[in-house]
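# Commentary on secondary and tertiary structure
Listed below are the residues making up each chain.
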Amino acid sequence: MPAVITDTIETLLEKKKYSSLRDVLSTMNEADIAAMFEDISDDSIPLLFRLLPKDLAADTFALMQTDSQELLIRGFSDSELKEVFDELYVDDAADIIEEMPANVVKRILKNTDPDMRRVINEILNYPEDSAGSMMTTDYISLRPMMTVNEAIKRIRRTISEAETVYICYVTDDNRKLTGSLSVKTLLLSAPDDKICDIMDKSVICVHTHDDKENVAKDMNKYDFVTMPVADDEGRLVGIVTFDDAIDVMQDETTEDIERMAAINPTEESYFKTSDIKHARNRILWLLILMLSGVITGGILKKYESAYAAIPILATFIPLLMSTGGNCGAQSSTMIIRGMSLDEIRLRDFLRVIFTEVGIALIISVILAVGSGLWIWITEGDLKIAAVISLSIVGIVTISQFIGCTLPMLAKRCSLDPAVMAAPLITTIVDAASVLIYFFIASKFFNL
């Protein structure tokens with residue numbers, strides 16, 4: 001959102017030029033208006049919102065942050081509240097209600113249309129992460145025996161109630177999905193053609209209780225702009241639109257990034273989350289990682305006499321630990337990404353291990369030769385160079401083995417693979433690296 005627009009709006013507000021404000025707001029996109037509301041004072045939001053045309057106001061309201069929505073709702077009269085929610089699509093209304101306090105929800109439901117209230121309650125009854133919870137019931141359905149001309153007339157009658165018209169769904173008398181067709185196909189067909197003759201009869205749909213992340217993946221897989229949703233009896237009850245699928249993918253990606261950084265996921269934005277909640281989301285994993293680091297410390301203590309006898313051994317501990325940690329992190333990142341895109345599945349477990357071990361051998365040999373030559377030249381000790389080189393081969397191999405297997409084992413245990421990401425794997429690999437290093441050194445120097 002350009003700062004100049006925000007400054008212009010604030011200037012017009014100060015001068016009370018409401019007519020000019022209305023003109024400026026009417027030319028803006030609803031997403032930009034919603035973003036602008038986050039940059040102005042809370043006192044100005046209700047006034048600016050009331051200057052918006054009715055359709056633009058509803059679209060803007062659906063995109064606003066929860067706290068701004070609640071601010072407006074509390075300031076709305078009953079008639080204003082009903083007017084805004086009557087213009088919202090059902091899925092947007094359900095999403096808003098889900099985030100509101102109980103007393104606000106009660107007032108919203110009291111002032112919504114009975115049919116909308118019934119549908120909202122149905123959507124809210126589905127599990128939070130299901131297709132049913134993110135679907136909209138505002139779609140266009142046609143009958144197989146309709147002609148193209150009849151179908152177009154039906155679309156014209158119902159288009160104001162539909163969230164999207166790119167794809168129309170064909171259902172029988174029992175509302176069971178029998179096919180689909182695009183508006184483009186309708187427009188290119190003869191007026192007397194039957195819908196059943198021109199529709200796509202291959203039915204791909206999801207169930208109301210399917211995980212919404214899988215729904216988003218399926219939409220990406222089939223390149224759908226909408227995905228039909230069926231109930232237990234196979235009846236079409238709603239559709240998931242691509243904008244909701246994008247939101248799901250963004251939320252899931254954010255959650256994975258947080259887990260990969262050893263942070264408990266949060267549903268609120270960075271600045272909306274309190275310092276205490278930020279700390280609480282991070283501290284548990286930090287404590288676990290800190291305690292697991294004690295294991296590495298214990299291993300180092302066990303071999304204290306080894307590097308006391310040959311002090312130069314301690315010099316290379318950071319090099320070996322960082323190399324192992326980096327290799328393990330690279331491997332786990334690639335495996336987690338592959339699983340999130342369904343490129344890697346649990347049945348590929350052995351194949352993944354063979355691939356990563358093969359990669360590890362190539363990488364470790366190159367790193368071992370490079371580091372060995374460097375240590376031999378700088379330290380003049382061939383024995384130390386050999387210990388470091390052999391340690392690197394062992395450490396890189398075991399690190400990539402750990403990095404590829406732990407995410408897959410987590411998936412097998414119905415855990416998010418992202419929990420087995422860089423911080424945890426690095427901690428495990430550190431302990432393994434020290435063990436391998438001093439085991440090889442003790443054999444070489446008879447320690």
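Above this note sits the structure.
Keep in mind that this is a model prediction, so the values were computed, not measured.

### Observations concerning the pairing of strand 5 (residues 226-230)
Taking burial as the measure, the 5 residues of strand 5 include 5 buried ones, the bulk of the element. Of the two faces of strand 5, the one lined by T226, P228 and A230 and the one lined by M227 and V229 are each fully buried. Bridging between strand 4 (residues 206-207) and strand 5 involves 2 bridges; their strand directions are parallel. What sits directly across from V206, in strand 5, is V229. As judged from the 5 bridges shared by strand 5 and strand 6 (residues 236-241), these two strands associate in the antiparallel manner. Paired with M227 across the strands is V240, a residue of strand 6. Hairpin connection from strand 5 to strand 6: 5 residues lie between these consecutive antiparallel strands, with G234 at a positive phi of about 80°.

### Quick notes on the sheet that holds strand 5
One open sheet holds the 3 strands; their spatial order is 4-5-6, and the pairing between them is mixed. Two strands lie at the open edges of the sheet, namely strand 4 and strand 6, each paired on one side alone. Along the sheet face, helix 15 (residues 212-222) touches strand 4, strand 5 and strand 6 and points at about 135° away from the line of strand 5.

### A look at the environment of L177
Position of L177 relative to the elements: it lies in strand 3 (residues 177-182). Residue L177 is classed as buried on the basis of its relative accessible area, which comes to 17%. Between the C-alpha atoms of L177 and A230, which are 53 residues apart in sequence, the distance is 8.1 Å. Ignoring any residue separated from it by four or fewer positions in sequence, one finds L177 in contact with Y169, V170, T171, V203, C205, P228, G234 and L236.

### Brief notes about the pattern of salt bridges
In total, this model carries 12 salt bridges according to the counting rule given. Here R74 and E70 are joined by a salt bridge, their closest N and O atoms 2.8 Å apart. Pair noted here: R74 and E70 are both in helix 6 (residues 66-75), with a separation of 4 residues, about one helical turn. Across the pair R235 and D231 runs a salt bridge, and its minimum N-O distance is 2.9 Å. Judged by its relative accessible area of 12%, D231 falls in the buried class. One connected set of salt bridges, linked through shared partners, spans D231, E233 and R235.

Each value, and the rule that gives it
Residues numbered from 1 in each chain as written. Predicted model: local features only at pLDDT ≥ 70, side-chain atom pairs only at ≥ 80, totals over all residues. Heavy atoms only, no water. Buried < 20%, exposed > 50% of the residue type's maximum accessible area, 1.4 Å probe, protein only. Helix = DSSP H or I, 4+ residues; strand = E, 2+ residues; numbered from the N terminus. Pairing = 2+ DSSP bridges. Contact = heavy atoms within 4.5 Å. Axes fitted to C-alpha atoms, helices over the stretch in contact; angles between N-to-C directions. Salt bridge = Lys/Arg side-chain N within 4 Å of Asp/Glu carboxyl O.

Fair warning: the whole summary comes from geometry, so function is off the table for now.
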